Amino acid sequence: MPIDTSTRRRRPSSAKLSLPSTGNKTPQKAVKRRKANNMTEQHPSMLWVLSNAVFYVLSGVTQPILMAYASHSGLANPKCQLYMLFYYIGPSLAAFTLRCSPRKHKQISDSSMQQLLSNDDRKKQYNAQDDAALNAPSQNQNDMDEEAEHWPSRTLLLKASGIAIFDIFAQSMVYTGNNLAGPTVFAIIYSSVTIWAALFSRILLSRSLVKLQWAGVCLVVLGLALTAMDSKTVGKNVFAGACLILVGSSFHGLTYVMSEKIMTPSPIDTGKSSSSNAVAKEPEHLSIRANCAVQGIVAMLVFLLWQIVYTLPRLEPLVLVPMRESGTTALHALFILVTITGANLVHSLTFYVTLKHFPGGATSAGVLKGLQAVLVFAASAYFLCERWGGREMCWSDSKFVSLVIVVSGIMMYGVFTEKKGIIRQSTFCDEVDVL
């Protein structure tokens, strides 16, 4: 008796209900709970995040010490910016951990394999679609983990490159303003980076802060501004310099938020549709290592071009002569520059981890930047006071008051950020239970 193959190929309407039983829970609830579990898997443990934040602060404290060491050794001519080339070589080294994306090759191989499937294999694949739907969230998570090791799309590369160039422009404005307005005005205005990061987070990321979080941010800014009491030096053009510092500080705070934004997953259309005409979506974002590598490479190329155009023709009077006067050998100079490279590699990677995973994102990174600044005072007093620098490097009462205020502001901000996160997490869990 011949078998009617058309009935075997036709999936009955009751097949949609033949999903594995999950007790009293419907399959839809199982999918929702699995999605919730995968959402928690996307974020590392809080211990790992806090460890990165600690290394972010400590590595940032070492940078001014290393820069002062380079200046003492005749390697920090402000016109040459040789040390800045090695500074940005550090984050660019993250590129060696990335691989070419296999996405296009994977699509081609999948389509070729589909043509080779037999009729029986196609029927098995067709009847197994419902079971595969339950595992889709975990498969998407595996794809996201693999993409973290690959170079991103051209669009994301251009975005990260634009942020890097924008930040170089912002830093140039800040330090030009420092030369015009003097260190006192610079210290007061540049401390506003934390507030700018909070404001732009509110505008671009829709991240709201409670009043006591704002109070903590303002305390950090106030504590940093108090450091100007140790120096009453002003420049030759205070107004123009102050304007440059203010605009540059706001742009620098904006780069914090933009860097966080391109690392935050956003849904895109993949062009695939299910039987319910729903459009499949996958997250498009830049991984931490890719963001670190791209922005480091762009800045490195800019400073490399400056070395070729400006420094190399003037290498003898601007670099070699100061090195000989300081008694610095080539091997010693290489050691200093390589140390700067390694310190900034750690600082950059931990910075982007803090941006992406630390509660509060860019705002928290700005607050931790304030803690880093006051810890620099203590490190400078220990290593540089009356050695390589003047009395401004030594400890003072105003720096102690600044340290107390900044730490108090950070504790206030951190406590209410944690409480806010707990409330949001409990709300999310309640929504999942309802689903």
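Residues numbered from 1 in each chain as written. Predicted model: local features only at pLDDT ≥ 70, side-chain atom pairs only at ≥ 80, totals over all residues. Heavy atoms only, no water.

**What about the environment of His332?**
So, point 1. Considering the arrangement of structural elements, one finds His332 in helix 15 (residues 330-357).
So, point 2. Considering only alpha carbons, one finds His332 and Ser73, 259 residues apart in sequence, at a separation of 8.9 Å.
So, point 3. Not counting residues up to four positions away in its chain, the partners in contact with His332 are Tyr69 and Ser73. (Helix = DSSP H or I, 4+ residues; strand = E, 2+ residues; numbered from the N terminus. Contact = heavy atoms within 4.5 Å.)

**Considering the pattern of salt bridges**
Opposite charge on two side chains makes pairing possible when the charged atoms of those side chains draw close.
So, point 1. Counted under the stated rule, the structure contains two salt bridges.
So, point 2. For Glu260, the salt bridge identified is with Arg207, shortest N-O distance 2.5 Å. Here the residue Glu260 occupies a position in helix 12 (residues 238-262), and Arg207 occupies one in the loop between helix 10 (193-204) and helix 11 (211-225), the gap between them amounting to 53 residues.
So, point 3. Judged by relative accessible area, which is 5%, Glu260 ranks as buried.
So, point 4. Judged by its relative accessible area of 18%, Arg207 falls in the buried class.
So, point 5. Residue Glu316 pairs with Arg324 through a salt bridge whose shortest N-O separation is 2.4 Å. (Salt bridge = Lys/Arg side-chain N within 4 Å of Asp/Glu carboxyl O. Buried < 20%, exposed > 50% of the residue type's maximum accessible area, 1.4 Å probe, protein only.)

**Some details on the nonpolar core**
So, point 1. Judged by nonpolar contacts, the single largest core of 48 residues is most densely connected at Phe351, Tyr352 and Leu355.
So, point 2. Per-element tally for this core: the top contributor is helix 16 (residues 362-383), with nine residues.
So, point 3. If near-sequence neighbours (up to four positions away) are discounted, Tyr352 is found in contact with Ser259, Met263, Ile288, Asn291, Cys292 and Gln295.
So, point 4. Core analysis: the next-biggest nonpolar cluster, separate from the first, contains 25 residues, Leu85, Ala299, Leu318 and Ala333 among them. (Core = buried A, V, L, I, M, F, W, Y, C linked by side-chain atoms within 4.5 Å.)

**Considerations on the packing of aromatic side chains**
So, point 1. Enumeration over the complete set of coordinates arrives at 10 aromatic pairs.
So, point 2. Ring centres of Trp306 and Tyr310 lie 4.8 Å apart, and the angle between their planes is 10°; this geometry places the pair in the stacked category. Of this pair, Trp306 and Tyr310 both sit in helix 13 (residues 288-311), four residues apart, roughly one helical turn.
So, point 3. Tyr310 sits in the buried class, given a relative accessible area of 17%. (Phe/Tyr/Trp six-rings, centres within 6.5 Å; stacked < 30°, edge-to-face > 60°.)

**What to know about the packing of helix 12 against helix 16**
So, point 1. Where helix 12 meets helix 16, the closest approach of the two axes is 9 Å, and the angle between their N-to-C directions is 135°. Put simply, helix 12 runs oblique to helix 16. The interaxial crossing formed by helix 12 with helix 16 has right-handed handedness. Taking contact as the criterion, the partners of Tyr256, Val257 and Glu260 in helix 12 are, on helix 16, Ala362, Ala365, Gly366 and Lys369.
So, point 2. Considering only residue class, the contact of helix 12 with helix 16 consists of four nonpolar, one polar and two charged. (Axes fitted to C-alpha atoms, helices over the stretch in contact; angles between N-to-C directions. Parallel < 35°, antiparallel > 145°, perpendicular 65-115°, else oblique. Left-handed = near helix turned anticlockwise from the far one by under 90°. Nonpolar A, V, L, I, M, F, W, Y, C, P; charged D, E, K, R; others polar.)

**Considerations on a nonpolar patch on the surface**
So, point 1. A contiguous nonpolar surface patch, about 470 Å² in accessible area, is contributed by Leu301, Leu304, Leu305, Ile308 and Val309.
So, point 2. Structurally, the position occupied by Ile308 is in helix 13. (Patch = residues over 30% accessible without salt bridge, like charges linked within 9 Å, V, L, I, M, F, W, Y side chains within 5 Å. Areas by Shrake-Rupley, 256 points an atom, 1.4 Å probe, with all protein chains shown as cover.)

**Here we look at the confidence of the model for the protein chain**
So, point 1. Residues with a pLDDT of 70 or more make up 66% of the protein chain, whose mean pLDDT is 74.
So, point 2. Here residues 3-27 is modelled with pLDDT under 50, and outside its nearest four sequence neighbours on either side it reaches 20 contacts, counting other chains as well. (pLDDT = per-residue confidence, 0-100.)

**Re unusual backbone geometry**
So, point 1. At Gln81, a position not held by glycine, the phi torsion is positive, near 60°.
So, point 2. Residue placement: Gln81 occurs in the loop between helix 3 (46-72) and helix 4 (82-92).
So, point 3. You will see that Ser206, though not glycine, has its phi angle at about 55°, which is positive.
So, point 4. Secondary-structure assignment places Ser206 in the loop between helix 10 and helix 11.
So, point 5. Looking at Ser206, the relative accessible area reads 57%, which means it is exposed.

**Description of the environment of Val407**
So, point 1. Assignment of secondary structure puts Val407 in helix 17 (residues 397-434).
So, point 2. Note on Val407: relative accessible area 30%, which makes it partly exposed.
So, point 3. Distance in space between the C-alpha atoms of Val407 and Val220 is 7.5 Å, their sequence separation being 187 residues.

**Some thoughts on the side chain of Ser364**
So, point 1. In this fold, Ser364 is placed in helix 16.
So, point 2. Of the polar contacts made by the side chain of Ser364, one reaches the backbone oxygen of Pro359; its length is 2.4 Å.
So, point 3. Filtering out sequence-adjacent residues up to four positions away, Ser364 remains in contact with Phe358, Pro359 and Tyr413. (Polar contact = N/O pair within 3.5 Å; in protein donor to acceptor, adjacent residues only side chain to side chain.)

**Considering helix 3**
So, point 1. Between its terminal C-alpha atoms helix 3 stretches 40 Å, which fits the 39 Å expected from 27 residues at 1.5 Å a residue.
So, point 2. Taken from the residues just after helix 3, Gly74 is the one with a positive phi, measuring 80°. (Expected span 1.5 Å × (residues − 1).)

**Considerations on the packing of helix 10 against helix 11**
So, point 1. Between helix 10 and helix 11, the shortest axis-to-axis distance is 8 Å and the interhelical angle comes to 150°. With respect to helix 11, the element helix 10 is oriented roughly antiparallel. Residues Thr194, Ile195, Ala198 and Leu199 of helix 10 form the contact with helix 11, whose own contacting residues are Trp214, Val217, Val220 and Val221.
So, point 2. Here the residues of the contact of helix 10 with helix 11 sort into seven nonpolar, one polar and no charged.

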